[in-house]
Amino acid sequence: MREMMFSGVGNMQSAASTLFSAYASFAASMMLIRSIANDLVPSPVRTYLQSVLRYFFTPVSNQITIVVDEDVCGGISGNQVYEAAEVYLGTKIGPNNERFKVGKAPKQKSLHISVEKGEEILDRFDNDIELKWRFMSIEPKKGHGNEKLFFELNFDKKYKDRVLDEYLPFVLAKSKEIKDSVNKVVKLYTRSGIDDGHGCYRRGGWGSINLDHPATFETLAMDPELKKTIIDDLGRFLKRKDFYKKVGKAWKRGYLLYGPPGTGKSSLIAAMANYLNFDVYDLELTSLNSNSELTRILVSTTNRSILVIEDVDCSVEMQDRKAGTTGRPYDPNTKLTLSGLLNFIDGLWSSCGDERIIIFTTNYRDRLDPALLRPGRMDMHIHMSYCTSQGFKILASNYLGIHHHHALFGEIEGLIENVEVTPAEVAEELMKSEDADIALAGVVNFLKRKKMEANEIHEEDKTNGTKKLQVP
């Protein structure tokens, strides 16, 4: 028995030795063949043969993956499917998810929950399609652009048509429903490189903060008739999507706010944003390097937004399209040309998006090129005038809570009609005391000083004019 056991062990050792020798011989042969192949077979042919072998020996997968990038069209325009997935998947985070992001803006009623990078979200559609989302990112090389964000959607390939035709449209619709059901916080976007709190920069270099400006049409110190005209114009714009399409015009509206500093142009913009619930994009033309960059900026803004270009008369020194009209020859190397700005407002690129409002502001309308002022570019011109008696009553109500007539109102209104004073100046006087009598008395004294200063300037101008006439 013992001899049989030793004999069995010996046979096993012999077989193992033979197997090892065969493997060593095979490995040496393969190395020799590989060396010969590397020397004799060109690299492109070797790569092709490897791909063919990999194709035949790799098991066939029944899964398919759709990549949903943050941007489409080469990074020029935002991807609505990505934005919808971002909103929708926040409602699908379950017990199996170990990480997710939570935030809450001051005006939001509920927490905002979103997917963290690297997390997987499982979903089911029509009870038979199982889907797996994964939020991914690719870090840029140092000094080479921004972080690339995207979703991967994985599912059984036999459901490809249903996912494209039914599931993704469902996600888009559900996202809109979710956004409409919550109290959206209006955002103020700037191109100063502000991040979103997680180290991520928005598409097109835009960063944002919440626009907590409290201005409303009720609190604006503006003529009631003008206020009503603006509100009616905005309401009509929102309802005319089909009309704009029918007449072949881009669904956008241009406004020019002009008047002296301190007359409430910024407050009106904030009131419009709060009324429409539109985000605001604040654009500094001096930060742009070319007309093409201006175009990229336009298409990187979202629908239902207000694009603001303040002090357009002095933001950039634009040249007229015809040489010599400004006293200087036309220079094609100018950072930003008038032609580029005009094309930006109503050229082909301006139709990339819906429900967009462009607001220009200036202190001096007469300095603007007439081509900028025509309808289709600046459709409605709004004069932001000095404070009127009606505007003063609104300010008194806002700052002092006076909703009825006060003994000093008559004197103040009489002075305001004869003095050029801005709503900002009157508001500053009203803030100096919470006692209505003291604050209004301060307004009276302030207006009297302004009137006296105006009279002195007028007399000085008259005297100087007389002296000039007497010069031989």
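A quick note: this is a predicted structure, and the numbers were derived from the prediction, not measured.

Our next topic: the sheet that holds strand β7 (residues 129-138). Strand order in this open sheet of 4 strands is β1-β8-β7-β6, and the pairing throughout is antiparallel. The two strands at the open ends of the sheet, each matched to only one other strand, are β1 (63-69) and β6 (120-125). In this sheet, adjacent strand axes meet at a mean angle of 25° when their direction is disregarded. Note that β1 and strand β8 (residues 148-156) share 7 bridges and pair antiparallel. Bridge pairing links isoleucine 64 to phenylalanine 155 in β8. Packing of helix α3 (residues 80-89) onto the sheet brings it into contact with β1, β6, β7 and β8, and relative to β8 it is tilted by some 75°.

To continue, consider helix α7 (residues 265-276). Between its first and last C-alpha, α7 extends 17 Å over 12 residues, near the 16 Å set by a 1.5 Å rise per residue. Taken together, the buried positions of α7 are Lys265, Leu268, Ile269, Ala270, Ala271, Met272, Ala273 and Leu276. Tucked into the core, α7 has its buried residues touching α5 (224-238), β11 (252-258), β12 (279-282), β13 (305-309), β14 (356-362) and β15 (380-383). After α7 finishes, the residue asparagine 277 shows a positive phi value of roughly 60°.

Bringing unusual backbone geometry into the picture now. The backbone phi angle of asparagine 277 is positive, close to 60°, even though this residue is not glycine. Along the chain, the position of asparagine 277 falls in the loop between α7 and β12. Overall, the relative accessible area of 27% leaves asparagine 277 in the partly exposed class. Positive phi values are uncommon outside glycine, yet arginine 304 reaches one of about 55°. You can see arginine 304 is positioned in the loop between α8 (291-299) and β13.

Okay, the packing of aromatic side chains next. In the structure shown here, the tally under the stated rule is 14 aromatic pairs. Seen in terms of ring centroids, phenylalanine 125 and tyrosine 167 are 5.4 Å apart; in terms of plane orientation they differ by 65°. Their pairing is edge-to-face. Here the residue phenylalanine 125 occupies a position in strand β6, and tyrosine 167 occupies one in helix α4 (residues 160-181), the gap between them amounting to 42 residues. Of the two residues, phenylalanine 125 and tyrosine 167, neither departs from the other in class, the shared state being buried. Between phenylalanine 392 and phenylalanine 409, the ring centres sit 5.3 Å apart and the planes meet at 75°, which makes this aromatic pair edge-to-face.

Enumeration over the complete set of coordinates arrives at 17 salt bridges. With a closest N to O distance of 2.9 Å, lysine 228 and aspartate 232 form a salt bridge. With lysine 228 and aspartate 232 both in helix α5 and 4 residues apart, the pair spans about one turn of that helix. Of the charged contacts, one joins lysine 450 and glutamate 425 as a salt bridge, the two residues approaching to 3.3 Å between their closest N and O atoms. Linking lysine 450 in helix α15 (residues 436-470) with glutamate 425 in helix α14 (residues 423-430), this pair joins segments that are 25 residues apart in sequence. With a relative accessible area of 26%, glutamate 425 lands in the partly exposed category. Several salt bridges converge on common partners, so that one network encompasses Glu120, Lys132 and Arg134.

Our focus in this paragraph is the nonpolar core. With 29 residues, the main nonpolar core has Leu268, Ile306 and Ile357 as its most contacted residues. Ranked by residues supplied to this core, first place goes to α7 with 7 residues. Sequence-distant contacts of isoleucine 306, that is, excluding residues within four places in its chain, are made with Met272, Ala273, Leu276, Phe278, Asp279, Val280, Tyr281, Ile357 and Ile359. The next biggest cluster of nonpolar side chains, apart from the first, holds 26 residues, and it includes Leu256, Tyr281, Leu336 and Met378.

Rules used in this analysis
- Residues numbered from 1 in each chain as written.
- Predicted model: local features only at pLDDT ≥ 70, side-chain atom pairs only at ≥ 80, totals over all residues.
- Heavy atoms only, no water.
- Pairing = 2+ DSSP bridges.
- Helix = DSSP H or I, 4+ residues; strand = E, 2+ residues; numbered from the N terminus.
- Axes fitted to C-alpha atoms, helices over the stretch in contact; angles between N-to-C directions.
- Contact = heavy atoms within 4.5 Å.
- Expected span 1.5 Å × (residues − 1).
- Buried < 20%, exposed > 50% of the residue type's maximum accessible area, 1.4 Å probe, protein only.
- Phe/Tyr/Trp six-rings, centres within 6.5 Å; stacked < 30°, edge-to-face > 60°.
- Salt bridge = Lys/Arg side-chain N within 4 Å of Asp/Glu carboxyl O.
- Core = buried A, V, L, I, M, F, W, Y, C linked by side-chain atoms within 4.5 Å.

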